[in-house]
Amino acid sequence: MKKLISVLLSVVMLVSVSAVAVNAFADVQSQETTKTSTKITVEVNGNTTKDVTYKTDPDDPAKITFTYTGSGTLDGWEFEGMVEGTDYEIVSQDGNSITIRLLNGYDDEVTANAIVKEKSTKKSSEGSGKGKSPKTGAATATGLAAAGAGAAILLALRKKEDAE
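First, a word on what this report is: a plain description of the structure on this page.

Conventions and cut-offs
Residues numbered from 1 in each chain as written. Predicted model: local features only at pLDDT ≥ 70, side-chain atom pairs only at ≥ 80, totals over all residues. Heavy atoms only, no water. Helix = DSSP H or I, 4+ residues; strand = E, 2+ residues; numbered from the N terminus. Buried < 20%, exposed > 50% of the residue type's maximum accessible area, 1.4 Å probe, protein only. Contact = heavy atoms within 4.5 Å. Areas by Shrake-Rupley, 256 points an atom, 1.4 Å probe, with all protein chains shown as cover. Core = buried A, V, L, I, M, F, W, Y, C linked by side-chain atoms within 4.5 Å. Salt bridge = Lys/Arg side-chain N within 4 Å of Asp/Glu carboxyl O. Pairing = 2+ DSSP bridges.

### Notes on the overall build of the protein chain
Reasoning step 1: A count of helices and strands for the protein chain gives 3 helices and 8 strands.
Reasoning step 2: Reading the helices (α) and strands (β) of the protein chain from amino to carboxyl end gives α-β-β-β-β-β-β-β-β-α-α.
Reasoning step 3: By the burial criterion, 26% of the 164 residues in the protein chain qualify as buried.
Reasoning step 4: In the protein chain, once contacts between residues fewer than 6 apart in sequence are set aside, the share between residues at least 24 apart is 58%.
Reasoning step 5: On the protein chain, roughly 11200 Å² of surface is accessible, and the fraction owed to carbon and sulfur atoms is 54%.

Okay, structure coming up:
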């Protein structure tokens, strides 16, 4: 009876850890998907980033709101290759967000560049573990659970053979 409980517990543990690992691998999108005919690129200090999100107005697809979500101090916005008053106008600017409206049927690429004064990133990125992949821990846990379940089953089978 103890062998059967041991095997069942191992299988339950394997299934539980696998379920957690599957959730850990789920892809979470931080940027809202929008339908526009214009290609939109977001940057911080000239480098492509995920620290800027954007959303188009569902009632007016020419109206786009950009928001800086990073940890630095936002100094302003640039729209590279575009001329204010000719290609776009600023509708509003509040905190780390700016809303623009494309003018005259503008349909070229929109590159929103957040000008940011960075905080000291050397300490924050090295010591915080932000550079480590969360997938590594989930994969390791799954492997350990599988090894544990396999060892428990092997042990139970050997004891069964010894008893016969």
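Here the narrative resumes.
### With respect to the nonpolar core
Reasoning step 1: Core analysis: the largest hydrophobic core is formed by 21 residues, its most contacted members being Phe66, Trp77 and Phe79.
Reasoning step 2: Sorting the residues of this core by element identifies β1 (40-44), β3 (52-56), β4 (63-68), β5 (73-79), β7 (97-102) and β8 (110-117) as the ones contributing at least two each.
Reasoning step 3: Sort the elements by how many residues they give to this core and β8 lands first, with 4 residues.

### Details of the pattern of salt bridges
Reasoning step 1: One pass over the full model with this rule turns up 3 salt bridges.
Reasoning step 2: The shortest N-O distance in the salt bridge between Arg101 and Asp60 comes to 3.0 Å. Residue Arg101 is located in strand β7, and its partner Asp60 is located in the loop between β3 and β4; the two are separated by 41 residues in the primary sequence.
Reasoning step 3: Assessed through its relative accessible area of 23%, Asp60 is described here as partly exposed.
Reasoning step 4: The network of salt bridges with shared partners includes Asp60, Glu89 and Arg101.

### Comments concerning the sheet that holds β1
Reasoning step 1: With mixed pairing, 4 strands are arranged side by side in an open sheet as β2-β1-β8-β5. Pairing within the sheet leaves two strands with one partner each, and these edge strands are β2 (47-48) and β5.

### Let's talk about unusual backbone geometry
Reasoning step 1: Positive phi, close to 50°, is recorded for Asn45, a residue that is not glycine.
Reasoning step 2: As for its placement among the helices and strands, Asn45 is situated in the loop between β1 and β2.
Reasoning step 3: Asn45 sits in the partly exposed class, given a relative accessible area of 33%.

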